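Residue-level listing of the chains:
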Amino acid sequence: MKHQIQYSILTDEQLSEWEKLVNNNIESLILYSDQLLWWNKKVNLVSRDVSHETVLEHIKHSLLLSVVNSFKSANNIIDTGSGGGLPGIPLSICFPQKQFVLNDIVAKKVMAMKQMGFKLKLSNLKTASGSIAHQPITNELIITKHAFKVDELVGLLDDLPWKKLLFLKGANEAEPEIKRLDIPVSSNIIELDMSFEDPFYKGKGIVEVSRVDE
């Protein structure tokens, strides 16, 4: 099955927008990083030996989803496979007018995310345990950082009425996953390599997958 894949590079305008968002919310984002590392000692949310600086980089990386138009236009967002709250908690901090649901199949992780949301006073945040396949999906935007392959997530959603998915992953990883899909989609892969000198972002990207009605 042929799938439409477009490619683009993060623009200077989008990069500037992202940097401004990080800077305007840095104190709250650092508070979240502190919470994430505290909970990580009790529940395995991220690598045990990860540094505070690396955690903060992952948090900032999560906010790159905000430059995509499908995120900007979404009011209700589900972060599936959220684990320790990435990318959902950083985005909920920066966009209090949007509603977020953090979903994970591991109940302990969901409990930790719920407590972090409470500690950070995020009134726009809810949690849901269990598979995304069993969550009520209507017109929500579905996002994920690194929990799923594209075809795996689409398979879990099956006949649910999803419209758009956003992944934080690069082209080399996403391309074969998209090509394995057995339903028609259009995809846009935004590559980051040209926009960042930091090696942390090498090979990373944003993948937007839109369902195509036959």
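Details of the overall build of the protein
Here's step 1: A count of helices and strands for the protein gives eight helices and eight strands.
Here's step 2: On C-alpha atoms alone, the protein measures out to a radius of gyration of 16 Å, which is about the 17 Å that the 2.2 N^0.38 rule sets for 214 residues.
Here's step 3: With the C-alpha coordinates aligned to their principal axes, the bounding extent of the protein is approximately 45 × 40 × 35 Å.
Here's step 4: The 214 residues of the protein split such that 53% are buried.
Here's step 5: Within the protein, contacts between residues at least 6 apart in sequence are counted, and of these 71% link residues at least 24 apart.
Here's step 6: Summed over its atoms, the accessible surface of the protein is roughly 10900 Å², and 49% of this surface lies on carbon and sulfur atoms.
Here's step 7: The positive charge centre, built from 24 side chains, and the negative charge centre, built from 27, are 7 Å apart in the protein.

Describing the sheet that holds strand β6 (residues 164–168)
Note: strands within a sheet are paired through backbone hydrogen bonds, in either parallel or antiparallel orientation.
Here's step 1: With respect to topology, eight strands assemble into an open sheet ordered β1-β7-β8-β6-β5-β2-β3-β4, the strand pairing being mixed. A strand with exactly one partner marks an edge of an open sheet, and here the two such strands are β1 (4–9) and β4 (125–129). Within the sheet, the average angular offset between the axes of one strand and its neighbour, ignoring direction, is 20°.
Here's step 2: Where strand β3 (residues 99–104) lies against β4, five bridges are found, and the strand directions are parallel.

As for the pattern of salt bridges
Here's step 1: A full pass over the atoms with the stated rule returns five salt bridges.
Here's step 2: Put simply, Lys72 and Glu17 hold a salt bridge, and the shortest N to O gap is 3.2 Å. One end of the pair, Lys72, is in helix α4 (residues 69–72); the other, Glu17, is in helix α1 (residues 12–24), with 55 residues separating them in the sequence.
Here's step 3: Since its relative accessible area comes to 30%, Glu17 is described here as partly exposed.
Here's step 4: In this structure, Glu57 and Lys60 form a salt bridge, with 3.9 Å as the shortest nitrogen-oxygen distance. Taken as a pair, Glu57 and Lys60 lie in helix α3 (residues 52–62) at a separation of three residues, close to a single helical turn.
Here's step 5: Residues joined by salt bridges that share partners form a network here, namely Lys169, Glu173 and Glu177.

Focus on the layout of surface pockets
Here's step 1: Estimated volume of the largest pocket: approximately 270 Å³.
Here's step 2: Around the largest pocket sit 18 residues that line it, and Leu45, Val46, Gly84, Leu86 and His146 are the ones nearest its centre.
Here's step 3: Of the residues in the lining of the largest pocket, the class split is six nonpolar, nine polar and three charged.
Here's step 4: Counted as a void, the second largest pocket has a volume near 190 Å³.
Here's step 5: For the second largest pocket, the full set of lining residues is Ser70, Ser73, Ala74, Asn75, Asn76, Asn139, Glu140, Leu141, Lys163 and Lys164.
Here's step 6: Per-class residue counts for the lining of the second largest pocket are two nonpolar, five polar and three charged.

Rules used in this analysis
- Residues numbered from 1 in each chain as written.
- Predicted model: local features only at pLDDT ≥ 70, side-chain atom pairs only at ≥ 80, totals over all residues.
- Heavy atoms only, no water.
- Helix = DSSP H or I, 4+ residues; strand = E, 2+ residues; numbered from the N terminus.
- Rg over C-alpha atoms; globule rule 2.2 N^0.38 Å.
- Buried < 20%, exposed > 50% of the residue type's maximum accessible area, 1.4 Å probe, protein only.
- Contact = heavy atoms within 4.5 Å.
- Areas by Shrake-Rupley, 256 points an atom, 1.4 Å probe, with all protein chains shown as cover.
- Lys, Arg positive; Asp, Glu negative; His and termini not counted.
- Charge placed at Lys NZ, Arg CZ, Asp CG, Glu CD.
- Pairing = 2+ DSSP bridges.
- Axes fitted to C-alpha atoms, helices over the stretch in contact; angles between N-to-C directions.
- Salt bridge = Lys/Arg side-chain N within 4 Å of Asp/Glu carboxyl O.
- 1 Å grid on protein atoms, 1.4 Å probe; cavity = no way out; pocket = protein on both sides within 12 Å on 5 of 7 lines; lining within 4 Å.
- Points joined across faces, edges and corners; volume = space filled by probe spheres on them.
- Nonpolar A, V, L, I, M, F, W, Y, C, P; charged D, E, K, R; others polar.

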